[in-house]
Amino acid sequence: MAGYQFISGLPRSGSTLLAGILRQNPLFHAGMSSPVAGLVGGCLEQMGAGSEFYTFFDQQKRKRICTALFDAYYQDQSAYEVIFDTNRLWTARLHQLDALFGEVKVICCVRNPAWVLDSFELIYRKNPLEYSRMYNPQTRQTVYSRCESLMAGSGVVGSAWASLKEAYYGEHSARLLLIDYDILAQYPQRTMQLLYQFLGYPAYSHDFDNVDYQANEFDLQLGAKGLHDVKRKVAFHPRTSILPPDLFKKYSEMAFWEDTRGTAASLIAPKREEREP
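Described below are features of the structure shown in this document. The model shown is predicted, which means the values in this text are computed figures rather than measured ones.

### A short note on the overall build of the chain
Along the chain, the regular secondary structure elements total 11 helices and 6 strands. Scaling as 2.2 N^0.38, a compact globule of 277 residues should have a C-alpha radius of gyration of about 19 Å, and the chain matches this with 19 Å. Within the chain, the proportion of its 277 residues that are buried is 51%. A separation of at least 24 residues holds for 76% of the contacts in the chain among residues at least 6 apart in sequence. The averaged location of the 30 negative side-chain charges in the chain is 2 Å from the averaged location of its 29 positive side-chain charges.

Quick look at the structure:
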C-alpha cells in the first residue's frame, strides 16, 4: 500500500494548485479536500468513552480501524507510491496522525488572511445571482458580515486558521512546511525543489505551464462557481484588494507565521513588506 503524506492549511491559499502540480509526478496521487479526516473523527467518536461500545475497543483496535479507513478509501490509488490526503482538519490532529503513521509530513498552504478573505469576496461578486451555501441570509448582507462569518471560530477560514496556529506552536511543529501562495505562484520551480527536500523524495521536473486540475462539480454544489479553478499556467497576477482598507489591515495582522519564534516549522514565505496590497 502507498505511504501517506498530508496537505492542510488555509483555504484559498493554493492547496488545489499544489495538488495539480504534485499529481504530475507519476508516483504521487493528490486531490482536493477528502472526507477521510471526517470519517476517522466519526469512528473515534463511536469508539470513544461517550459510546456504549467503548469497552469493546483498545488502542490497537482503534488504530487498525482508523488506518483501514485510509486504505479502503484510497484502494483505487494503491499503485501510487505516495498519497497526499488533503484536509484543513489535519493541523488540529497531528497527534492522531503521529499515533497512526508516525513521522508524516504536512504541507500547509498559507496566505495573508486578508487576501484569503479578498479571494472569497471576489468569488462571491463574480456570482451575483448565485447565493452560495457558505453564507446564510444574515451573514451575506455586507462584506463586513461575510468576512466576520468566514473568520468566526466555526467559519471556513477561522477554523482552519485556529487549527494551523495550534499545529504551528505545537509539539509536532517540525512536521510542518508552510508554503505561501504568492511564493508558489511566483517561484514554482524553486518552491517545489524545497518541498521535495522537506519530504525527502527525489526531485521531479514539473511542467508549470500545463497544470490540469478542476473540481467543478463540488463548486456548483456549494453554489460558488470557480472556487477551485486552477489556471493551466502557474503565474502570479498582482491586483488591488477589493476589501475596504480597514478590513484588509485588520486581517493582515493575523498572519502569525510571520513570527518564527516558538516553532520548529519550516516556512517558504515572502517578507512582510511584500504582502501589502
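### Digging into the nonpolar core
Judged by nonpolar contacts, the single largest core of 47 residues is most densely connected at F6, F70, L117, L176, L178 and W257. Those residues in contact with L178, other than ones at most four positions away along the chain, are C108, V110, Y168, W257, A265, S266, L267 and I268. Membership of the second largest hydrophobic core comes to 26 residues, among which are L184, L199, V230 and V234.

### Brief notes about the layout of surface pockets
Rolled over the atoms, a probe sized like a water molecule indicates the empty space that remains. Here the second largest pocket is characterised by a volume of approximately 210 Å³. In terms of lining, the second largest pocket is formed by V40, L44, Q59, Q60, R62, K63, C66, H95, Q96, A99 and L100. Elements with a contribution of two residues or more to the lining of the second largest pocket: α2 (36-47), α3 (59-73) and α4 (94-101). Sort the elements by how many residues they give to the lining of the second largest pocket and α3 lands first, with 5 residues. Residue classes in the lining of the second largest pocket are distributed as 5 nonpolar, 4 polar and 2 charged.

### A few points about the environment of P35
You can see P35 is positioned in the loop between β2 (28-30) and α2. The exposure class assigned to P35 is partly exposed, which follows from its relative accessible area of 41%. Taking the C-alpha atoms as reference points, P35 and G262, 227 residues apart in sequence, are found 32 Å from one another.

### Describing the sheet that holds strand β6 (residues 266-268)
Taken together, the 6 strands give an open sheet; going across it, the order is β2-β3-β1-β4-β5-β6, and neighbouring strands pair in parallel fashion. In this open sheet, the two strands that pair with only one neighbour each are β2 and β6. Recorded for the sheet is a direction-independent mean angle of 20° between the axes of neighbouring strands. Relative to strand β5 (residues 176-180), strand β4 (residues 106-110) runs parallel, the two sharing 5 bridges. Bridge assignment links C108 to a residue of β5, and that residue is L178. Against the sheet, α4 makes contact with β1 (3-9), β4 and β5, and its axis sits at roughly 175° relative to β1, the strand it touches most.

What counts, and at which threshold
Residues numbered from 1 in each chain as written. Predicted model: local features only at pLDDT ≥ 70, side-chain atom pairs only at ≥ 80, totals over all residues. Heavy atoms only, no water. Helix = DSSP H or I, 4+ residues; strand = E, 2+ residues; numbered from the N terminus. Rg over C-alpha atoms; globule rule 2.2 N^0.38 Å. Buried < 20%, exposed > 50% of the residue type's maximum accessible area, 1.4 Å probe, protein only. Contact = heavy atoms within 4.5 Å. Lys, Arg positive; Asp, Glu negative; His and termini not counted. Charge placed at Lys NZ, Arg CZ, Asp CG, Glu CD. Core = buried A, V, L, I, M, F, W, Y, C linked by side-chain atoms within 4.5 Å. 1 Å grid on protein atoms, 1.4 Å probe; cavity = no way out; pocket = protein on both sides within 12 Å on 5 of 7 lines; lining within 4 Å. Points joined across faces, edges and corners; volume = space filled by probe spheres on them. Nonpolar A, V, L, I, M, F, W, Y, C, P; charged D, E, K, R; others polar. Pairing = 2+ DSSP bridges. Axes fitted to C-alpha atoms, helices over the stretch in contact; angles between N-to-C directions.

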